[in-house]
Amino acid sequence: MTEVTFPSMSTGGCGTGVVATWFVTEGEAVHTDQLIAEVAMDKVDAEVLAPADGTISLEVAEGGEAAEGSVIALIQ
Amino acid sequence: MTTASHETAQRTTEPTRAPLPVEPDPGTRRLSTAKAMVEAIAQQMRSNEEVFVLGEDVGAYGGIFSSTTGLLDEFGPDRVRDTPISETAFIGLATGAAVEGMRPIVELMFVDFFGVCMDQIYNHMAKIHFESGGNVTVPMVLTTATGGGYSDGAQHSQCLWGTFAHLPGMKVVVPATPYDAKGLMTAAVRCDDPVVYMFHKGVMGLPWMAKNPRSVGPVPEEEYEVPIGKAKVVREGTDLTIVTVSLSLHHSLDVAEKLAGEGIDAEVIDLRTIVPLDREAIAASVSKTKRLLVVDEDYQSFGLSGEVIASVVEREPTALTAVERVCTPDVPIPYAHDLEYAVLPTRDRIEAAVRRLAGAK
Amino acid sequence: MVGGIQVTPQQTNQQMPQQATPDTAQDQARDVAQQPAGSQLLETGRRELLRTMILIRTFEEAILRDYHADKSPAFDIGAGLIPGEMHLSAGQEPVAAGVCAHLTSDDAVTATHRPHHLAIAHGMDLRRLAAEIFGRETGLGHGRGGHMHLFDPDTHFSCSGIIAEGYPPALGQAFAFRTRGSDAVAVAVTGEGAANQGGFHESLNLAALWHLPVVFVVEDNDWGISVPRSASTSVASNAARGAGYGIPAVRVEDNAVEDIHRAAGEAVARARAGGGPSLIEVHTLRLWGHFEGDAQAYRSDLEGVPGHDPIPTYESHLVDQGVLGESDLEVMHASAHERVEDAIGFARSSPTPDPADALKYVFSEGERR
């Protein structure tokens, strides 16, 4: 099981952002480095790439908030 | 002087390449429209060193609507160039470089800014090929952001494809989906004619603007083209034809899916290209359904919607029994949210028109 | 390319083979182009400048003749073998001769609604130029462009009827040359009226900012149609505006071809060497009206104009200096006359375009991949 976390986007590392876009759906097969999400915090956007191969489950709804470092998806 | 010597003198440096696949299977990998557009540009820049990008904030910023994100990092500042606020100069520069056989992609940040540079666009970019009797080509892409819905006001919310379409010599494409955004950009870069590539901000899938779910969709990873000049029947139907383009495609599909549950079966055509207009596809559909709704976010009068209707009447004079159009009326787009949404072609307005047409005998 | 033979500025004093096409002005000017900035023009170079100016004037006089011949008794602008507006360059020959002497057919020139002198000096085929002016199928643009819209890929020549809008595409041509590692330059020519148009200023700024190999030329002929420079321009000389953009700029007075030649030589050399753009304003002379049919009732300096004709002035100058004699002049004029009448004859005997083809050339066919 691999955790996909909200990337570090601030100097303090404890901000809160939004999962703006999911590019994959619940249960989809993903591969390493595949674009899976775009997140936003303080008007800066960042892409999230899959850290591993496997089946993804989404832990945050599109448009939902998430803290830096928190788990936004799991890959099995 | 022979044609051959002209071609040599004008000098295109691309090797002859095999044609690309046309409209292949979309696959499962999903991108936003913005990222699909960028992927097309990046692939063409990799395969042809004479493709380059210029415009305001296209470099480090990546385009204010994410139309060039990542290109500077991969290709460097000689091929991805930030310009001063000098649209006449840099769009003219792109024209001159294209005359010499390079393939520039130049961005006009908002289509609403065309007023400061339209001469280089419609009197030069669009006319040089004709005035030269075909001896000079201008293989450039003019990209530009269009559309409203986020309270940017009258000078930053227009569509204006009707204005560009009206003037001869430039092709005009308006992709609505990620798949078409990549395919049409690829086709536009490889086309030897000037192409105005107009992307609605609301279909780009930006993190900071409300988006329709169809702003993210499957996009093949390989290079491919969507043909310029071909409309697409996105939803087949029998009761009426909706002809539309850009963000209005998504709203039209939403309405069609909702009303299917009530037994109203709408055929939805995405034009994808305004010039050349796929008049045959439109006429073929209306000859089947007899009823036509045009949904166009551009201004209502003297533009695309009238052209679509006239085109049908010319080709199928007896087929059309009922027609409506849902457009932005002839008013500057208001700032206040409720006023803006009173004039935009919203789902409510589309639904009401579909119901009227479906009820018409 | 000229007649299929690549010529670069590095070739010195080579005898060029006679071309099948009669445009040898470019080739014979090679030795002129070799002169380092500031050095004396060779006699051959001076004769070549005059030869070019005489050829231009002879051509313009022939067009003048044929333009008016069938528009009488009342002047009907749309009638006759050469319909439409006609903007002739008599009096401005020194600019074309002096500047284009430093160019090869690999260099670009963008010109204005008054383009013939530059087209001829830059080596455009006279027959195809004439045929385009006469609107014939054999013209440069198959009759689609006409006299203000001449496009010659072989010499990278183009012109536009929109004031100042020839400057921006010249930037693009210069950009392409430099990107490809060539030392070719782009020469962009406008009138003094254009120096008050936005595109002029944007172009100067961007060329300087991007250090492009462009030579900006302003032909100050005193008149923007009927409006004198004093009523249009906030400064006495557009050379002063160069400083506003960080561009070296000079103003050449007196329409003197050798002074123009010297200034252009420095500017072209600067651009070729990677030194960026320059601006040259030439105080030149519009001998005739803004357009043919312009009665020039507004023109206060009209009486003195013929006396300032630059061609008789330069002829006398060269004869006085022993560079050539009267018989040489006769030969030059006769040769120009022969070449021009050949071109005009070619045009007049060429077919007019077929109206059935009126919709052709909007888009390219057979797209290359």
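Criteria and cut-off values
Residues numbered from 1 in each chain as written. Chains lettered and ligands numbered in written order. Predicted model: local features only at pLDDT ≥ 70, side-chain atom pairs only at ≥ 80, totals over all residues. Pairing = 2+ DSSP bridges. Helix = DSSP H or I, 4+ residues; strand = E, 2+ residues; numbered from the N terminus. Axes fitted to C-alpha atoms, helices over the stretch in contact; angles between N-to-C directions. Domains from an automatic or database assignment. Contact = placed C-beta atoms within 7 Å. Nonpolar A, V, L, I, M, F, W, Y, C, P; charged D, E, K, R; others polar. pLDDT = per-residue confidence, 0-100.

(A) How the structure looks around the sheet that holds strand 7 (residues 65-67) of chain A. All names here are of chain A. Across the sheet, which stays open at both edges, the 4 strands sit in the order 5-4-2-7 with antiparallel pairing between neighbours. Each edge of the open sheet is held by one strand with a lone partner, namely strand 5 (44-49) and strand 7. Neighbour-to-neighbour, the strand axes of the sheet open up by a mean angle of 40 degrees, direction not taken into account. As paired elements, strand 4 (residues 35-41) and strand 5 share 6 bridges and run antiparallel to each other. Looking at the pairing, Met41 lines up with Val44 of strand 5.

(B) A look at the domain arrangement of chain B. Residues and elements named next belong to chain B. Domain parsing of chain B yields domain 1 (30-218) and domain 2 (232-359). A straight line from the C-alpha centre of domain 1 to that of domain 2 covers 25 Å. On the side of domain 2, 22 residues touch domain 1, which itself brings 27 residues to the contact. For the side of domain 1 that touches domain 2, the secondary structure elements donating two or more residues are helix 7 (161-165), strand 6 (171-173) and helix 8 (178-190). Among the residues making up the side of domain 1 that touches domain 2, the classes are represented as 13 nonpolar, 11 polar and 3 charged.

(C) Spatial organisation of the confidence of the model for chain B. Residue and element names in this part refer to chain B. With 95% of its residues at a pLDDT of 70 or more, chain B shows a mean pLDDT of 95. Overall, residues 1-13 carries pLDDT values under 50, and its contacts beyond four positions in sequence, including any with other chains, amount to 21 contacts. Across the whole predicted complex the pTM is 0.91, and at the interface the ipTM reaches 0.91.

(D) Seen up close, the pairing of strand 6 (residues 54-58) of chain A. Residues and elements named next belong to chain A. Strand direction decides the pairing type here: strand 3 (residues 29-30) and strand 6, joined by 2 bridges, are antiparallel. Paired with Val30 across the two strands is Gly54, which belongs to strand 6. Of the pairings in the sheet, the one linking strand 6 to strand 8 (residues 71-75) comprises 3 bridges and is antiparallel in character. Paired with Ser57 across the two strands is Leu74, which belongs to strand 8.

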